[in-house]
Structures are given as structure tokens and as C-alpha cells.
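# Structural characterization, general
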Amino acid sequence: MLQHDPELAAPAWLTAGGTEDEVLGLLKTGKEAEVFVVERRTLAGDRSALLAHKRYRPTKVGKGELEGLGFSKARSFTNDAIYHEGRKFRRSRERRAVERMTDLGKRILADRWPARELEMLVKAHEAGVTVPYPVEFTGDGILMQMIGDDGVAAPRLVGARLADDELKLAWAQLVDDLGALTEAGIVHADLSPYNVLWWRNRLWFIDFPQAVDLVASPHGFELLHHDVTTMCTWFTRQGIPTEPGVLYADLLATAF
């Protein structure tokens with residue numbers, strides 16, 4: 001296994017109190033959420049850090065209210081039922097609403113994403129996967145390590161323009177981190193070169209709201225195979241020889 005060398009955990013002062021946050025600007029926007037650059041600093045002024053605040057847009061507000069909350073556009077709901085199968089609901093009414101994809105069901109699924117992403121991000125981080133260190137849950141999203149420099153996000157793998165030696169390194173890191181994820185029973189379930197970042201000579205996995213449990217989800221193995229195939233296809237196009245079937249089998253052997 002490769003030796004991981006990310007910043008391993010959030011500095012204790014970030015969650016010790018006696019701090020204030022300032023939103024510096026919008027970092028990126030997606031279908032479900034927007035990511036903002038936040039500077040957290042101590043009231044004494046002796047420490048500061050740039051963080052990423054991923055905020056999920058509320059589902060039942062008007063455009064004016066969204067702007068008042070700091071969002072740039074409305075949320076477009078994604079039918080994510082496949083990622084929720086196998087999970088428990090507190091009430092049978094909620095389960096039926098989700099199965100029928102009523103307005104209530106869509107709202108229940110949408111409201112689960114922020115907490116689910118934090119849960120999976122924490123598990124991935126504890127498993128040694130190179131992910132942004134989680135700082136805290138904010139109600140509508142997650143405050144986490146910012147992957148980038150001077151308030152600018154690190155490039156996605158698809159746009160990083162890696163040299164041949166960097167591609168080989170990135171491939172080795174991918175295999176290593178997929179192994180750590182699978183051994184922890186986690187499937188990213190939407191892995192692609194668009195949601196992996198390249199920063200400080202490392203791949204960083206991001207965007208975990210749709211992640212599933214490999215065994216508990218009825219689609220866990222299928223989604224893992226899709227993740228492997230997607231990433232292998234991209235690396236093969238960059239000139240790196242890959243064997244998706246072999247990697248998939250190796251990952252399962254690691255997990256069981």
C-alpha cells in the first residue's frame with residue numbers, strides 16, 4: 001500500500017470555540033449544493049484557516065428566499081432512490097412516500113443528503129482514504145478542509161493535465177484508496193474524474209452524499225463495479241494500462 005500523506009485531521013482549535021467565520025465567496029455550484037470559501041479565525045486573531053462549506057439548497061423556498069440565504073440558484077432534484085435502498089426509515093409512511101416518489105418522498109431523500117455525506121466522509125477519513133478532513137455539520141451541509149490554495153479550488157482530475165509520471169502516481173493512489181474504501185465497506189457510487197481532485201501530488205476523493213454500504217445496499221456491488229469501470233476507462237484513455245475486472249476482483253478480495 002502507498003503511504004498516505006494528507007493532513008490527517010482537523011486542527012483542534014477549529015472546533016474548540018472562540019472563533020468567527022467569514023464567507024469569502026462562492027467556490028463552485030452543482031445541482032444539489034453550492035460550496036463556499038469560508039475563513040475561520042480565532043477571536044484573538046492568532047489563527048485562521050480557509051475551509052470549504054458545502055451547503056445543500058433547501059427544497060421548498062422561492063427564488064428570493066434562496067438569494068437571501070446566499071444561494072445562486074434553485075435545487076434540481078435528482079432521483080436518488082437507488083442510493084437509499086437498503087436504508088431504514090423511522091416511519092412506514094416515509095418509506096412508502098420514498099417508494100412512490102411523492103413530493104414528500106423527494107423531500108425526505110433530499111433532506112437526508114447532508115447528514116449522509118458527513119457520515120460517509122467521516123468513515124472514509126477514518127479508513128485512511130485521502131479525503132478532505134471533516135470539521136463539523138452545519139445543519140444544511142458540511143464544513144470541511146478546503147482542497148486548494150489561496151481560495152482557489154484544486155483542479156478536478158479530468159482537467160489537471162498530468163504528466164506521465166503523475167498519471168502513474170495517480171493510478172496507484174486510486175487503487176490504494178479504492179482498496180481502503182472497499183475494506184471499510186464503502187462504495188462511493190458516483191466516482192469519476194470529475195469528482196476527484198488533484199492537489200499536492202495526490203488524488204482527493206470528494207462528493208460522498210450518494211455513497212452506499214457495500215453489503216447493506218442491494219446495489220452495492222453493481223455501483224462498485226461501475227466506479228471501477230468509469231475510472232479504469234479514463235486512465236486507459238490517458239495511456240495507463242488497466243484491468244477493470246482484475247481490480248474489481250482484488251477489491252472484493254480485500255473486503256471479504
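Residues numbered from 1 in each chain as written. Predicted model: local features only at pLDDT ≥ 70, side-chain atom pairs only at ≥ 80, totals over all residues. Heavy atoms only, no water.

## Points about the overall build of the protein
Per the secondary structure count, the protein includes 7 helices and 11 strands. In the protein, the share of contacts with a sequence separation of at least 24, taken over all contacts with a separation of at least 6, comes to 64%. Counting only carbon and sulfur atoms, one obtains 51% of the accessible surface of the protein, whose full area is about 13000 Å². (Helix = DSSP H or I, 4+ residues; strand = E, 2+ residues; numbered from the N terminus. Contact = heavy atoms within 4.5 Å. Areas by Shrake-Rupley, 256 points an atom, 1.4 Å probe, with all protein chains shown as cover.)

## A few points about the packing of aromatic side chains
The full count for this structure, using the stated rule, is 4 aromatic pairs. Relative to F256, the ring of F221 has its centre 6.1 Å away and its plane inclined at 25°; by these criteria the two rings are stacked. Of this pair, F221 sits in helix 6 (residues 220-237) while F256 sits in the segment after helix 7 (244-255); the two residues are 35 residues apart in sequence, bridging distant segments of the chain. Residue classification places F221 among the partly exposed positions, given a relative accessible area of 34%. With a relative accessible area of 59%, F256 lands in the exposed category. Judged by centre distance (5.0 Å) and plane angle (90°), the rings of W234 and F235 are edge-to-face. Take W234 and F235: they sit in the same class, and that class is buried. (Phe/Tyr/Trp six-rings, centres within 6.5 Å; stacked < 30°, edge-to-face > 60°. Buried < 20%, exposed > 50% of the residue type's maximum accessible area, 1.4 Å probe, protein only.)

## Some words on the environment of Y194
Within the secondary structure, Y194 sits in the loop between strand 8 (186-187) and strand 9 (196-199). Among residues more than four places away in sequence, those in contact with Y194 are R156 and V158.

## Considerations on the packing of helix 6 against helix 7
Axis separation between helix 6 and helix 7 bottoms out at 9 Å; the angle between their running directions is 135°. Considered as vectors, helix 6 and helix 7 are oriented oblique to each other. Read as a crossing pair, helix 6 and helix 7 show a hand that is right-handed. Contacts between helix 6 and helix 7 involve F221, L224, H225, V228 and C232 from the former and P244, L247, Y248, L251 and L252 from the latter. (Axes fitted to C-alpha atoms, helices over the stretch in contact; angles between N-to-C directions. Parallel < 35°, antiparallel > 145°, perpendicular 65-115°, else oblique. Left-handed = near helix turned anticlockwise from the far one by under 90°.)

## Here's the deal with the environment of A253
With respect to the helices and strands, A253 occurs in helix 7. The spacing of A253 and E183 is 70 residues in sequence and 9.0 Å in space, taken between C-alpha atoms.

## Concerning the pairing of strand 10 (residues 202-205)
Of the two faces of strand 10, both are covered, the one formed by R202 and W204 as well as the one formed by L203 and F205. Turn length for the strand 9-strand 10 hairpin, with the two strands adjacent in sequence and antiparallel, is 2 residues, and the turn residue R200 shows positive phi of about 55°. (Pairing = 2+ DSSP bridges.)

## Section: the pairing of strand 5 (residues 141-145)
The buried fraction of strand 5 amounts to 5 of the 5 residues, a majority that puts the element mostly inside the structure. Where strand 3 (residues 48-56) meets strand 5, 5 bridges bridge the pair, whose relative direction is antiparallel. Counterpart to H53 in the pairing with strand 5 is L143. Bridge analysis of strand 4 (residues 134-137) against strand 5 gives 3 bridges, and the strand direction is antiparallel.

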